[in-house]
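Each chain, letter by letter, is given below.
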Amino acid sequence: MLSSMPIIIRNVCANYMKAELSILHSNFSSMHSDVVSEKYPSFVQEAVLYVHWPFCKRRCTYCNFNKYIESEEQNKEMTNCLVNELQTLLSISGIKKINSIFFGGGTPSLADPDMFERIINEVTKHVYMSSDAEISMEANPTALEAEKLVSFKSAGVNRISVGLQALDQRDLNILGRDHSVKESISVLHQAKRLFPGCTSIDLMFARPGQTTSSWVKELEEILKHADDHISLYQLTLERGTELFNWYQKGEMSVPESDVSAEMYKDAVCMLAEAGYDRYEVSNFARPGAQSQHNQAYWSGTQYIGIGPGAHGRFVPLNQHMYPDTSVQRVTDNHSMMKIDEKVSFKNGYLTYPPREARIQTLEPSPWMKEVIKYGHGTRRRVKQSTKEILQEIIMLGMRTKVGISSKVWSEYSNGVSLREIFYENELVKILESNELVELTDGYLRPTKSGLTVADSVTAELILVLDKYCQDK
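The model shown is predicted, which means the values in this text are computed figures rather than measured ones.

1. Structural notes on the overall build of the protein
Okay, so step 1: Looking only at helices and strands, the protein has 19 helices and 18 strands in total.
Okay, so step 2: Within the protein, the fraction of its 472 residues that count as buried is 51%.
Okay, so step 3: On the protein, roughly 22000 Å² of surface is accessible, and the fraction owed to carbon and sulfur atoms is 52%.

Next comes the structure, spelled out in structure tokens:
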């Protein structure tokens, strides 16, 4: 309606509506103290939301993700089902606040902008979400998808992750990408204009035939165009992909592990010199540009996943109100003695059920049928023991610069502190003496050197946790 008005009137109306929305949001914000119930701790009433759009135009040669070739007739039904499942899982979880939303895939930039708007509106209809909450999406750098960037922003998206993967045309062809280097740069600059300071780039290294010198030159070129966030991922050959089959047949080779490690070290140094802080093993940002959504995952925050194959981790406060339609439901918890004395914690609050790891039905068609029939397509529910939750916190937290805070640990450990488990342990002392970890009353975190070998450090710390559990 506004688009048909004279520009002066349109601006006045738009400003008036913004003012009205601001007042409404202010009133909602003033009620926020009542949004999170005092019956339960706040960390079981807050979450971030992941939305999986499973469709792609084509399957890249390296990809084994849960994605399917785009189907026009399914798009509208997919959106309706995403909204339906969102309603149901918000109700089952009892969540009162969503802190961020991430639209991934697949290729969510192929979806109609209406899908984004409907999901965002549905969230704000049922729970509290700050007006400046991070709402991110993945996008491919093609001219067709670039045309929709303005519409995505109008729908409510305020951060975008552009899947460049490479700035070498030969490598883009090998990877099966459907964009050119020229398109990549053009789309990146369009995104930066629309989302200044909130445009991320995904890059892949250790690609077939790549050398350290060619990687350094490519990074130099990328830094001329990048915004304030870059994610680096080492190419892995996944079984069942075209790249894996080519490798098995000897038709292509990838850099050796020592060369890949050198590429990573070169990237860390170059990005640091350009002002990018390595705040997670694969993620680099200038001040204030870190991904809030990903940091929530890494810090152990609950998350709800909707869409085919989406994963979630949350306490289902209201599961008793819904029939259990999952095909696989695992309820066996591993005893942890002192840590796992009570699966349903009290600590001054009402008893609540254990956190669950959830997976939605993988393929779009069966998932949609289940959502239409039951309101959600949850295929697998696993009640997590305290030990399993703490293992995940170690695996994710020790990949970050800030590590694991004592506060986050205590929320899930049933009163057993980081210090009690790790402080006097001989293996941890060795890690400290080798300057790989730092342990204080406030946190356990990797050093710069420890972050580079995060997987090895994590494996050692999980052994320490396991031993503590056995001894108790």
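2. Some details on the packing of aromatic side chains
Okay, so step 1: Summed over all chains, the structure comprises eleven aromatic pairs.
Okay, so step 2: On the basis of an interplanar angle of 25° and a centroid distance of 6.4 Å, the ring pair of Phe-205 and Tyr-264 is categorised as stacked. Taken as a pair, Phe-205 in strand β7 (residues 199–205) and Tyr-264 in helix α11 (residues 257–273) lie far apart in primary sequence, 59 residues in all. You'll find Phe-205 and Tyr-264 in the same group, each marked buried.
Okay, so step 3: Cluster of aromatic residues (ring-pair linked, three or more members): Phe-103, Phe-116 and Phe-152.
Okay, so step 4: In this structure, Lys-153 is placed above the aromatic ring of Phe-195, and the distance from its NZ or CZ to the ring centre is 6.0 Å.
Okay, so step 5: The ring centre of Tyr-412 lies 5.3 Å from the NZ or CZ of Arg-355, which sits over that ring.

3. A short note on the pairing of strand β1 (residues 46–53)
Okay, so step 1: Among the eight residues in β1, seven count as buried, and that is most of the element.
Okay, so step 2: Note: β1 against strand β4 (residues 97–105), seven bridges, orientation parallel. Note that in β4 the partner of Tyr-50 across the bridge is Phe-102.
Okay, so step 3: Pairing of β1 with strand β11 (residues 303–306) involves four bridges; the strand directions are parallel. Bridge pairing links Tyr-50 to Gly-305 in β11.

4. Notes on helix α19 (residues 454–471)
Okay, so step 1: End to end, α19 covers 26 Å across 18 residues, agreeing with the expected 26 Å (1.5 Å per residue, within 8%).
Okay, so step 2: Within α19 the residues assigned to the buried category are Ala-454, Val-457, Thr-458, Leu-461, Ile-462, Val-464, Leu-465, Asp-466, Tyr-468 and Cys-469.

5. Remarks on the pattern of salt bridges
Okay, so step 1: A full pass over the atoms with the stated rule returns 22 salt bridges.
Okay, so step 2: For Asp-228, the salt bridge goes to Arg-286, with nearest N and O atoms at 3.1 Å. One end of the pair, Asp-228, is in the loop between α9 (212–225) and β8 (229–234); the other, Arg-286, is in the loop between β10 (283–285) and α12 (292–298), and 58 residues separate them in sequence.
Okay, so step 3: The class of Asp-228 is partly exposed, set by a relative accessible area of 22%.
Okay, so step 4: For Arg-286, a relative accessible area of 25% corresponds to the partly exposed category.
Okay, so step 5: A salt bridge links Glu-411 to Lys-407; the shortest N-O distance between them is 3.0 Å. Taken as a pair, Glu-411 and Lys-407 lie in helix α15 (residues 406–412) at a separation of four residues, close to a single helical turn.

6. Thoughts on the environment of Phe-284
Okay, so step 1: Relative to the helices and strands, Phe-284 resides in strand β10.
Okay, so step 2: By relative accessible area, which is 0% here, Phe-284 ends up buried.
Okay, so step 3: Remark: the alpha-carbon pair of Phe-284 and Val-268, spanning 16 residues in sequence, is separated by 8.5 Å.
Okay, so step 4: Those residues in contact with Phe-284 that sit more than four places away from it in its chain are Asp-228, His-229, Ile-230, Leu-232, Tyr-264, Val-268, Leu-271, Tyr-276, Asp-277, Arg-278 and Tyr-279.

7. Re the confidence of the model for the protein
Okay, so step 1: Per-chain confidence: the protein averages 86 in pLDDT, with 84% of residues scoring 70 or above.
Okay, so step 2: Throughout residues 1–34 the model reports pLDDT below 50, and contacts reaching past four residues in sequence, or to other chains, amount to 16 contacts.
Okay, so step 3: With pLDDT under 50 throughout, residues 331–346 is counted as low confidence; its partners more than four residues away or in other chains account for 42 contacts.

8. Comments concerning the sheet that holds strand β18 (residues 443–446)
Okay, so step 1: One open sheet accounts for three strands, arranged β16-β18-β17; its pairing is antiparallel. In this open sheet, the two edge strands, each paired with only one partner strand, are β16 (404–405) and β17 (437–439).
Okay, so step 2: Of the strand pairs in this sheet, β17 and β18 are connected by three bridges, and their pairing is antiparallel. Opposite Val-437, over in β18, you have Pro-446 as the bridge partner.

9. Focus on the nonpolar core
Okay, so step 1: By size, the foremost hydrophobic cluster in this structure holds 72 residues, and its most contacted members are Leu-49, Ile-98, Ile-101, Phe-103 and Ile-119.
Okay, so step 2: Per-element accounting of this core gives the leading share, eight residues, to helix α3 (residues 72–93).
Okay, so step 3: Contact partners of Ile-98, with chain neighbours within four places excluded, come to Ala-47, Val-48, Leu-49, Leu-90, Val-123, Val-127, Tyr-128 and Met-129.
Okay, so step 4: Core analysis: the second largest hydrophobic core is formed by 32 residues, Val-315, Val-416, Leu-439 and Val-464 among them.

Rules used in this analysis
- Residues numbered from 1 in each chain as written.
- Predicted model: local features only at pLDDT ≥ 70, side-chain atom pairs only at ≥ 80, totals over all residues.
- Heavy atoms only, no water.
- Helix = DSSP H or I, 4+ residues; strand = E, 2+ residues; numbered from the N terminus.
- Buried < 20%, exposed > 50% of the residue type's maximum accessible area, 1.4 Å probe, protein only.
- Areas by Shrake-Rupley, 256 points an atom, 1.4 Å probe, with all protein chains shown as cover.
- Phe/Tyr/Trp six-rings, centres within 6.5 Å; stacked < 30°, edge-to-face > 60°.
- Lys NZ or Arg CZ within 6 Å of the ring centre and 35° of its normal.
- Pairing = 2+ DSSP bridges.
- Expected span 1.5 Å × (residues − 1).
- Salt bridge = Lys/Arg side-chain N within 4 Å of Asp/Glu carboxyl O.
- Contact = heavy atoms within 4.5 Å.
- pLDDT = per-residue confidence, 0-100.
- Core = buried A, V, L, I, M, F, W, Y, C linked by side-chain atoms within 4.5 Å.

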